[in-house]
Amino acid sequence: MLETIEWKDDRALMLDQRKLPWAETYYTCRNYRDVSEAIKKMVIRGAPAIGIAAAMGMALGAKAIRARKMDTFLRELDRIGDYMKASRPTAVNLAWAVDRMTALAHSLGGRPVEEIPPALAQEAQRMLREDVAVNKKIGRYGQEVVPQDSTVLTHCNAGALATGGYGTALGVVRAAVEAGKNVRVLADETRPFLQGARLTVWELIKDSIPATLIPDNAAGSLMRKGEVQVVVVGADRIAANGDVANKIGTYSVAVLAKENNIPFYVAAPLSTIDLSLPDGDRIPIEERGSEEVSSVFGKVIAPEGVVTRNPAFDVTPNRYVAGIITEKGIARAPYTESLKKLFDKQGS
Ligand code: MRU
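Summarised in this report is the structure supplied together with it. (Residues numbered from 1 in each chain as written. Predicted model: local features only at pLDDT ≥ 70, side-chain atom pairs only at ≥ 80, totals over all residues. Heavy atoms only, no water.)

### Concerning the sheet that holds strand β1 (residues 5–8)
The strand order across the open sheet built from 3 strands is β1-β2-β3, with neighbouring strands paired in antiparallel fashion. If you trace the sheet from one side to the other, it starts and ends with β1 and β3 (26–29), each paired once. When the angles between neighbouring strand axes are averaged without regard to direction, this sheet yields 25°. Sheet topology places strand β2 (residues 11–15) next to β3; 4 bridges connect them, and they run antiparallel. Within the sheet, the bridge partner assigned to alanine 12 lies in β3 and is cysteine 29. Those strands touched by helix α1 (residues 32–40) are β2 and β3, and its axis lies near 140° from that of β3. Relative to the sheet, helix α2 (residues 47–64) contacts β1, β2 and β3, its axis offset from that of β1 by approximately 20°. (Pairing = 2+ DSSP bridges. Helix = DSSP H or I, 4+ residues; strand = E, 2+ residues; numbered from the N terminus. Axes fitted to C-alpha atoms, helices over the stretch in contact; angles between N-to-C directions. Contact = heavy atoms within 4.5 Å.)

What follows is the structure, encoded as C-alpha coordinates:
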(Lines give C-alpha, C1' and ligand atoms only; values in the text may rest on other atoms or scores of the structure.)
Protein backbone atom coordinates (compact mmCIF):
# COMPACT_ATOMS: atom_id res chain seq x y z
CA MET A 1 0.00 0.00 0.00
CA LEU A 2 1.24 3.52 -0.77
CA GLU A 3 1.76 5.53 2.38
CA THR A 4 1.19 9.30 2.51
CA ILE A 5 4.02 9.72 5.00
CA GLU A 6 6.35 7.38 6.84
CA TRP A 7 9.33 7.43 9.15
CA LYS A 8 12.21 5.33 7.91
CA ASP A 9 15.88 5.22 8.90
CA ASP A 10 15.60 8.54 10.78
CA ARG A 11 14.07 10.29 7.78
CA ALA A 12 10.57 11.45 6.92
CA LEU A 13 9.40 10.10 3.55
CA MET A 14 6.42 11.71 1.85
CA LEU A 15 4.52 10.71 -1.25
CA ASP A 16 5.10 13.78 -3.44
CA GLN A 17 1.55 15.07 -4.00
CA ARG A 18 2.69 17.72 -6.48
CA LYS A 19 3.48 14.91 -8.90
CA LEU A 20 0.21 12.97 -8.59
CA PRO A 21 -1.47 11.47 -10.55
CA TRP A 22 1.38 11.32 -13.07
CA ALA A 23 4.08 9.83 -10.87
CA GLU A 24 4.23 8.05 -7.51
CA THR A 25 7.53 9.19 -6.04
CA TYR A 26 8.74 9.77 -2.50
CA TYR A 27 10.31 12.96 -1.22
CA THR A 28 12.90 12.55 1.51
CA CYS A 29 13.25 15.00 4.40
CA ARG A 30 16.54 14.78 6.30
CA ASN A 31 16.05 17.75 8.62
CA TYR A 32 13.34 20.04 9.95
CA ARG A 33 13.95 22.68 7.28
CA ASP A 34 13.27 20.07 4.58
CA VAL A 35 9.96 19.27 6.28
CA SER A 36 8.92 22.91 6.51
CA GLU A 37 9.80 23.37 2.83
CA ALA A 38 7.79 20.26 1.88
CA ILE A 39 4.75 21.64 3.73
CA LYS A 40 5.08 25.09 2.11
CA LYS A 41 5.48 23.65 -1.38
CA MET A 42 2.55 21.21 -0.94
CA VAL A 43 4.63 18.04 -1.28
CA ILE A 44 2.39 17.04 1.60
CA ARG A 45 -0.88 18.82 2.34
CA GLY A 46 -4.16 18.33 4.19
CA ALA A 47 -4.51 19.37 7.83
CA PRO A 48 -3.83 16.06 9.65
CA ALA A 49 -1.02 15.09 7.25
CA ILE A 50 0.85 18.34 7.75
CA GLY A 51 0.46 17.88 11.52
CA ILE A 52 2.14 14.48 11.30
CA ALA A 53 4.82 15.89 9.01
CA ALA A 54 5.50 18.72 11.48
CA ALA A 55 5.81 16.16 14.30
CA MET A 56 8.40 14.28 12.26
CA GLY A 57 10.12 17.61 11.55
CA MET A 58 10.37 18.18 15.31
CA ALA A 59 11.90 14.72 15.76
CA LEU A 60 14.47 15.48 13.03
CA GLY A 61 15.15 18.88 14.59
CA ALA A 62 15.68 17.37 18.05
CA LYS A 63 18.15 14.85 16.68
CA ALA A 64 20.34 17.60 15.24
CA ILE A 65 20.50 19.79 18.37
CA ARG A 66 24.05 19.79 19.72
CA ALA A 67 23.33 21.32 23.17
CA ARG A 68 23.89 18.91 26.07
CA LYS A 69 22.37 21.12 28.78
CA MET A 70 18.64 20.49 29.10
CA ASP A 71 17.47 24.11 29.26
CA THR A 72 19.52 25.09 26.17
CA PHE A 73 18.25 21.98 24.36
CA LEU A 74 14.60 22.79 25.13
CA ARG A 75 15.03 26.44 24.13
CA GLU A 76 16.43 25.35 20.78
CA LEU A 77 13.59 22.84 20.33
CA ASP A 78 11.01 25.58 21.05
CA ARG A 79 12.67 27.74 18.37
CA ILE A 80 12.40 24.87 15.87
CA GLY A 81 8.73 24.54 16.87
CA ASP A 82 8.09 28.21 16.02
CA TYR A 83 9.83 27.71 12.67
CA MET A 84 7.68 24.64 11.89
CA LYS A 85 4.47 26.46 12.89
CA ALA A 86 5.23 29.25 10.43
CA SER A 87 5.17 26.81 7.48
CA ARG A 88 1.42 27.23 6.80
CA PRO A 89 -1.00 29.27 8.93
CA THR A 90 -4.55 27.92 8.53
CA ALA A 91 -4.58 24.23 9.52
CA VAL A 92 -4.42 24.20 13.31
CA ASN A 93 -3.28 20.56 13.32
CA LEU A 94 0.23 21.80 12.54
CA ALA A 95 0.50 23.92 15.70
CA TRP A 96 -1.33 21.20 17.66
CA ALA A 97 1.27 18.60 16.64
CA VAL A 98 4.22 20.89 17.37
CA ASP A 99 2.80 21.74 20.80
CA ARG A 100 2.32 18.04 21.57
CA MET A 101 5.96 17.36 20.69
CA THR A 102 7.39 20.27 22.70
CA ALA A 103 5.16 19.39 25.68
CA LEU A 104 6.50 15.83 25.62
CA ALA A 105 10.10 17.07 25.48
CA HIS A 106 9.51 19.48 28.37
CA SER A 107 7.88 16.69 30.41
CA LEU A 108 11.11 14.69 30.01
CA GLY A 109 13.17 17.62 31.31
CA GLY A 110 14.41 15.58 34.27
CA ARG A 111 15.89 12.83 32.04
CA PRO A 112 19.22 12.83 30.18
CA VAL A 113 19.10 14.98 27.01
CA GLU A 114 20.00 11.94 24.82
CA GLU A 115 16.65 10.36 25.62
CA ILE A 116 14.60 13.14 24.03
CA PRO A 117 15.25 12.66 20.26
CA PRO A 118 14.29 8.94 20.25
CA ALA A 119 11.23 9.71 22.41
CA LEU A 120 10.12 12.36 19.90
CA ALA A 121 10.68 10.01 16.95
CA GLN A 122 8.47 7.43 18.72
CA GLU A 123 5.83 10.06 19.43
CA ALA A 124 5.66 11.20 15.79
CA GLN A 125 5.14 7.61 14.67
CA ARG A 126 2.48 7.15 17.37
CA MET A 127 0.68 10.25 16.02
CA LEU A 128 0.64 8.70 12.57
CA ARG A 129 -0.91 5.46 13.88
CA GLU A 130 -3.38 7.34 16.07
CA ASP A 131 -4.52 9.47 13.14
CA VAL A 132 -5.53 6.41 11.12
CA ALA A 133 -7.43 5.00 14.13
CA VAL A 134 -9.18 8.37 14.65
CA ASN A 135 -10.21 8.50 10.98
CA LYS A 136 -11.74 5.03 11.20
CA LYS A 137 -13.82 6.20 14.17
CA ILE A 138 -14.88 9.33 12.25
CA GLY A 139 -15.88 7.01 9.41
CA ARG A 140 -17.95 4.78 11.70
CA TYR A 141 -19.94 7.74 13.08
CA GLY A 142 -20.11 9.52 9.75
CA GLN A 143 -21.33 6.69 7.55
CA GLU A 144 -24.72 6.91 9.27
CA VAL A 145 -25.42 10.23 7.53
CA VAL A 146 -24.78 8.70 4.10
CA PRO A 147 -28.00 7.25 2.69
CA GLN A 148 -28.10 3.90 0.85
CA ASP A 149 -27.85 4.39 -2.94
CA SER A 150 -26.60 7.96 -2.71
CA THR A 151 -24.16 10.42 -4.20
CA VAL A 152 -21.80 12.27 -1.86
CA LEU A 153 -20.32 15.52 -3.10
CA THR A 154 -16.90 16.48 -1.72
CA HIS A 155 -14.54 19.39 -2.22
CA CYS A 156 -10.73 19.33 -2.21
CA ASN A 157 -9.07 16.17 -0.85
CA ALA A 158 -9.83 15.04 2.69
CA GLY A 159 -8.77 11.49 2.02
CA ALA A 160 -5.93 9.11 2.82
CA LEU A 161 -3.55 11.55 1.13
CA ALA A 162 -4.55 14.39 3.46
CA THR A 163 -4.13 12.31 6.62
CA GLY A 164 -2.09 9.42 8.02
CA GLY A 165 -4.45 7.16 6.04
CA TYR A 166 -8.16 6.37 5.41
CA GLY A 167 -9.17 10.04 5.41
CA THR A 168 -11.82 12.15 7.15
CA ALA A 169 -14.47 13.05 4.53
CA LEU A 170 -13.34 10.16 2.33
CA GLY A 171 -13.09 8.03 5.49
CA VAL A 172 -16.86 8.58 5.86
CA VAL A 173 -17.32 7.40 2.27
CA ARG A 174 -15.02 4.40 2.80
CA ALA A 175 -16.90 3.42 5.96
CA ALA A 176 -20.25 3.71 4.15
CA VAL A 177 -18.94 1.41 1.41
CA GLU A 178 -17.61 -1.01 4.06
CA ALA A 179 -21.08 -0.95 5.67
CA GLY A 180 -22.44 -2.29 2.37
CA LYS A 181 -23.90 0.93 1.03
CA ASN A 182 -23.97 1.72 -2.64
CA VAL A 183 -22.27 5.12 -2.71
CA ARG A 184 -20.85 7.29 -5.47
CA VAL A 185 -18.68 10.38 -5.07
CA LEU A 186 -18.91 13.62 -7.03
CA ALA A 187 -15.52 15.28 -6.69
CA ASP A 188 -15.09 19.01 -7.31
CA GLU A 189 -11.87 19.52 -9.26
CA THR A 190 -10.85 22.24 -6.72
CA ARG A 191 -9.06 24.98 -8.58
CA PRO A 192 -6.35 26.22 -8.43
CA PHE A 193 -4.30 23.35 -7.00
CA LEU A 194 -6.69 20.66 -8.33
CA GLN A 195 -6.72 18.46 -5.23
CA GLY A 196 -10.05 17.00 -6.38
CA ALA A 197 -8.94 16.18 -9.92
CA ARG A 198 -5.43 15.00 -9.10
CA LEU A 199 -5.83 13.43 -5.66
CA THR A 200 -9.43 12.64 -4.64
CA VAL A 201 -10.43 10.73 -7.74
CA TRP A 202 -6.97 9.11 -7.84
CA GLU A 203 -7.39 7.54 -4.43
CA LEU A 204 -11.05 6.63 -4.96
CA ILE A 205 -10.28 4.90 -8.25
CA LYS A 206 -7.51 2.95 -6.49
CA ASP A 207 -10.11 1.74 -3.97
CA SER A 208 -12.67 0.98 -6.71
CA ILE A 209 -15.14 3.51 -5.27
CA PRO A 210 -17.21 5.07 -8.08
CA ALA A 211 -16.03 8.65 -8.53
CA THR A 212 -17.07 11.33 -11.00
CA LEU A 213 -14.95 14.43 -11.46
CA ILE A 214 -16.75 17.73 -12.04
CA PRO A 215 -15.63 21.31 -12.61
CA ASP A 216 -16.17 23.35 -9.44
CA ASN A 217 -18.80 25.47 -11.14
CA ALA A 218 -20.98 22.42 -11.98
CA ALA A 219 -21.75 21.61 -8.33
CA GLY A 220 -24.75 23.97 -7.95
CA SER A 221 -26.47 22.84 -11.09
CA LEU A 222 -26.07 19.15 -10.24
CA MET A 223 -27.42 19.77 -6.74
CA ARG A 224 -30.47 21.50 -8.20
CA LYS A 225 -31.09 18.52 -10.47
CA GLY A 226 -31.24 16.21 -7.43
CA GLU A 227 -27.96 14.47 -8.22
CA VAL A 228 -26.43 15.00 -4.75
CA GLN A 229 -27.87 13.57 -1.51
CA VAL A 230 -25.24 14.71 0.98
CA VAL A 231 -22.09 16.88 1.06
CA VAL A 232 -19.12 15.81 3.20
CA VAL A 233 -15.93 17.89 3.39
CA GLY A 234 -12.91 18.08 5.67
CA ALA A 235 -11.66 21.08 7.65
CA ASP A 236 -8.43 22.94 8.38
CA ARG A 237 -9.66 24.69 11.51
CA ILE A 238 -13.00 24.80 13.28
CA ALA A 239 -13.71 27.66 15.70
CA ALA A 240 -15.49 27.14 19.04
CA ASN A 241 -18.84 28.23 17.53
CA GLY A 242 -18.61 25.68 14.69
CA ASP A 243 -17.50 28.06 11.89
CA VAL A 244 -15.36 25.97 9.54
CA ALA A 245 -12.24 26.96 7.59
CA ASN A 246 -11.63 24.63 4.67
CA LYS A 247 -10.35 24.77 1.09
CA ILE A 248 -11.44 27.83 -0.89
CA GLY A 249 -14.80 27.13 -2.51
CA THR A 250 -16.20 25.19 0.44
CA TYR A 251 -18.34 28.17 1.47
CA SER A 252 -19.97 28.32 -1.99
CA VAL A 253 -20.68 24.58 -1.81
CA ALA A 254 -22.27 24.98 1.65
CA VAL A 255 -24.52 27.85 0.53
CA LEU A 256 -25.61 25.90 -2.55
CA ALA A 257 -26.30 22.83 -0.40
CA LYS A 258 -28.55 24.82 1.95
CA GLU A 259 -30.39 26.42 -0.99
CA ASN A 260 -31.08 22.90 -2.31
CA ASN A 261 -31.95 21.31 1.08
CA ILE A 262 -28.93 19.01 0.98
CA PRO A 263 -27.22 18.32 4.34
CA PHE A 264 -23.66 19.69 4.50
CA TYR A 265 -21.38 17.78 6.90
CA VAL A 266 -17.82 18.44 8.02
CA ALA A 267 -15.63 15.47 9.04
CA ALA A 268 -12.60 16.32 11.19
CA PRO A 269 -10.64 15.07 14.19
CA LEU A 270 -10.77 16.99 17.49
CA SER A 271 -7.21 18.17 16.73
CA THR A 272 -8.75 20.41 14.00
CA ILE A 273 -11.03 22.17 16.50
CA ASP A 274 -9.58 25.35 17.96
CA LEU A 275 -11.61 26.25 21.05
CA SER A 276 -9.35 29.27 21.63
CA LEU A 277 -11.04 31.08 18.71
CA PRO A 278 -14.65 32.07 19.44
CA ASP A 279 -15.57 32.33 15.75
CA GLY A 280 -14.25 31.82 12.22
CA ASP A 281 -13.45 35.50 11.55
CA ARG A 282 -10.26 35.07 13.57
CA ILE A 283 -8.96 32.08 11.62
CA PRO A 284 -5.82 33.11 9.68
CA ILE A 285 -6.36 32.51 5.97
CA GLU A 286 -3.31 31.67 3.86
CA GLU A 287 -2.86 33.65 0.63
CA ARG A 288 -0.79 31.71 -1.88
CA GLY A 289 1.21 32.85 -4.88
CA SER A 290 -0.25 34.54 -7.92
CA GLU A 291 1.20 31.94 -10.32
CA GLU A 292 -1.22 29.26 -9.03
CA VAL A 293 -4.08 31.38 -10.44
CA SER A 294 -2.51 32.84 -13.56
CA SER A 295 -1.08 29.56 -14.81
CA VAL A 296 -1.91 25.86 -14.88
CA PHE A 297 1.08 23.60 -14.36
CA GLY A 298 3.56 26.04 -15.79
CA LYS A 299 1.36 27.16 -18.70
CA VAL A 300 0.35 30.81 -18.37
CA ILE A 301 -3.41 31.27 -18.90
CA ALA A 302 -3.87 35.00 -18.25
CA PRO A 303 -2.39 38.18 -19.71
CA GLU A 304 1.01 39.13 -18.39
CA GLY A 305 0.87 41.43 -15.36
CA VAL A 306 -2.70 40.41 -14.44
CA VAL A 307 -3.69 41.15 -10.84
CA THR A 308 -4.79 38.03 -8.94
CA ARG A 309 -6.09 36.98 -5.53
CA ASN A 310 -5.41 33.51 -4.21
CA PRO A 311 -6.91 32.90 -0.78
CA ALA A 312 -6.33 29.19 -0.14
CA PHE A 313 -9.19 28.74 2.37
CA ASP A 314 -12.57 30.20 3.23
CA VAL A 315 -14.79 30.16 6.29
CA THR A 316 -18.24 28.57 6.24
CA PRO A 317 -20.48 30.03 8.97
CA ASN A 318 -21.91 27.41 11.34
CA ARG A 319 -25.52 27.97 10.18
CA TYR A 320 -24.72 26.04 6.98
CA VAL A 321 -23.28 23.03 8.83
CA ALA A 322 -25.65 20.09 9.49
CA GLY A 323 -23.09 18.39 11.74
CA ILE A 324 -19.40 18.08 12.58
CA ILE A 325 -18.35 14.44 12.51
CA THR A 326 -15.49 13.66 14.91
CA GLU A 327 -13.95 10.57 16.49
CA LYS A 328 -16.11 11.21 19.56
CA GLY A 329 -19.41 11.50 17.72
CA ILE A 330 -21.35 14.03 15.63
CA ALA A 331 -21.68 17.54 17.06
CA ARG A 332 -24.77 19.48 16.05
CA ALA A 333 -25.89 23.09 16.60
CA PRO A 334 -25.53 24.90 18.92
CA TYR A 335 -21.85 24.08 18.41
CA THR A 336 -20.43 26.14 21.26
CA GLU A 337 -22.00 23.59 23.62
CA SER A 338 -21.78 20.42 21.52
CA LEU A 339 -18.10 20.83 20.57
CA LYS A 340 -17.12 21.54 24.15
CA LYS A 341 -18.98 18.40 25.26
CA LEU A 342 -16.94 16.31 22.81
CA PHE A 343 -13.72 17.61 24.39
CA ASP A 344 -15.06 16.74 27.83
CA LYS A 345 -15.48 13.17 26.50
CA GLN A 346 -11.73 13.10 25.56
CA GLY A 347 -10.01 10.04 26.91
CA SER A 348 -13.34 8.42 27.84
O1 MRU B 1 -4.30 23.36 0.74
P2 MRU B 1 -4.56 21.97 1.21
O3 MRU B 1 -4.56 20.95 0.12
O4 MRU B 1 -3.66 21.58 2.36
O5 MRU B 1 -6.04 22.03 1.79
C6 MRU B 1 -6.61 20.86 2.30
C7 MRU B 1 -8.01 20.99 2.74
O8 MRU B 1 -8.58 22.06 2.68
C9 MRU B 1 -8.65 19.79 3.35
O10 MRU B 1 -10.02 19.76 3.09
C11 MRU B 1 -8.44 19.81 4.88
O12 MRU B 1 -7.10 20.02 5.19
C13 MRU B 1 -8.91 18.56 5.53
S14 MRU B 1 -7.88 17.18 5.18
C15 MRU B 1 -8.47 15.86 6.04
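### Side note on the packing of α2 against helix α3 (residues 70–85)
Close contact between α2 and α3 brings their axes to 10 Å; oriented N to C, the two are set at 145°. Every pair of crossing elements has a handedness; the one defined by α2 and α3 is right-handed. Of the residues in α3, those touching α2 at Ala54, Gly57, Met58, Gly61 and Ala62 are Phe73, Leu77, Ile80, Gly81 and Met84. (Left-handed = near helix turned anticlockwise from the far one by under 90°.)

### Observations regarding the packing of aromatic side chains
Tallying each qualifying case throughout the model produces 3 aromatic pairs. Residues tyrosine 32 and tyrosine 83 carry aromatic rings whose centres are separated by 5.3 Å and whose planes lie at 90° to one another, so their mutual orientation is edge-to-face. Taken together, the residues tyrosine 32 in helix α1 and tyrosine 83 in helix α3 connect sequence positions 51 residues apart. Given the relative accessible area of 28%, tyrosine 83 is considered partly exposed. (Phe/Tyr/Trp six-rings, centres within 6.5 Å; stacked < 30°, edge-to-face > 60°. Buried < 20%, exposed > 50% of the residue type's maximum accessible area, 1.4 Å probe, protein only.)

### Some details on the site of the ligand
Taken together, 18 residues lie near the ligand, and Arg45, Ala47, Asp236, Asn246 and Lys247 sit nearest. At a separation of 2.9 Å, an oxygen atom of the ligand approaches a polar backbone atom of glycine 46. Between the ligand and lysine 247, the relevant distance is 2.7 Å, taken from an oxygen atom to a side-chain nitrogen or oxygen of the residue. Out of a free accessible area of 420 Å², the ligand has 99% covered by protein chains. Among the elements of the structure, α2 and β9 (244–247) are those that each provide at least two residues to the shell around the ligand. Taken together, the residues that form the shell around the ligand break down as 8 nonpolar, 6 polar and 4 charged. (Near = heavy atom within 4 Å. Polar contact = N/O pair within 3.5 Å; in protein donor to acceptor, adjacent residues only side chain to side chain. Areas by Shrake-Rupley, 256 points an atom, 1.4 Å probe, with all protein chains shown as cover. Nonpolar A, V, L, I, M, F, W, Y, C, P; charged D, E, K, R; others polar.)

### What about α1?
Here α1 has its buried residues at Tyr32, Val35, Ser36, Ala38 and Ile39. Each buried residue of α1 sits inside an arc of 160° when the element is viewed along its axis, so together they form one side. Packed against the buried residues of α1 are β2, β3, α2, α3 and α4 (92–107). (Arc of directions from axis to C-beta.)

### A closer look at α3
Relative to the 22 Å expected for 16 residues at 1.5 Å per residue, α3 spans 22 Å between its end C-alpha atoms, a close match to the ideal helical length. Listing the buried residues of α3 in full gives Met70, Phe73, Leu74, Leu77, Ile80, Gly81 and Met84. Taken around the axis of α3, the buried residues stretch over an arc of 115°, which confines them to a single face. Exposed positions of α3 whose direction lies more than 90 degrees from the buried face are Arg75 and Asp82. In this structure, the buried side of α3 is in contact with α1, α2, α4 and α5 (116–142). (Expected span 1.5 Å × (residues − 1).)

### A word on the pattern of salt bridges
As enumerated under the stated definition, the model contains 21 salt bridges in all. Glutamate 123 serves as the salt-bridge partner of arginine 100, at 2.9 Å between the closest nitrogen and oxygen. In this pair, arginine 100 is assigned in helix α4 and glutamate 123 in helix α5, connecting sequence segments 23 residues apart. Residue glutamate 123 is classed as buried on the basis of its relative accessible area of 8%. Residue aspartate 274 pairs with arginine 237 through a salt bridge whose shortest N-O separation is 2.7 Å. With a gap of 37 residues between them, aspartate 274 in strand β11 (residues 273–274) and arginine 237 in strand β8 (residues 237–239) connect regions that are remote in the sequence. Across the pair, arginine 237 and aspartate 274 agree in class, each one buried. Counted as one network, the salt bridges with shared partners bring together Arg88, Glu286, Arg288 and Glu292. (Salt bridge = Lys/Arg side-chain N within 4 Å of Asp/Glu carboxyl O.)

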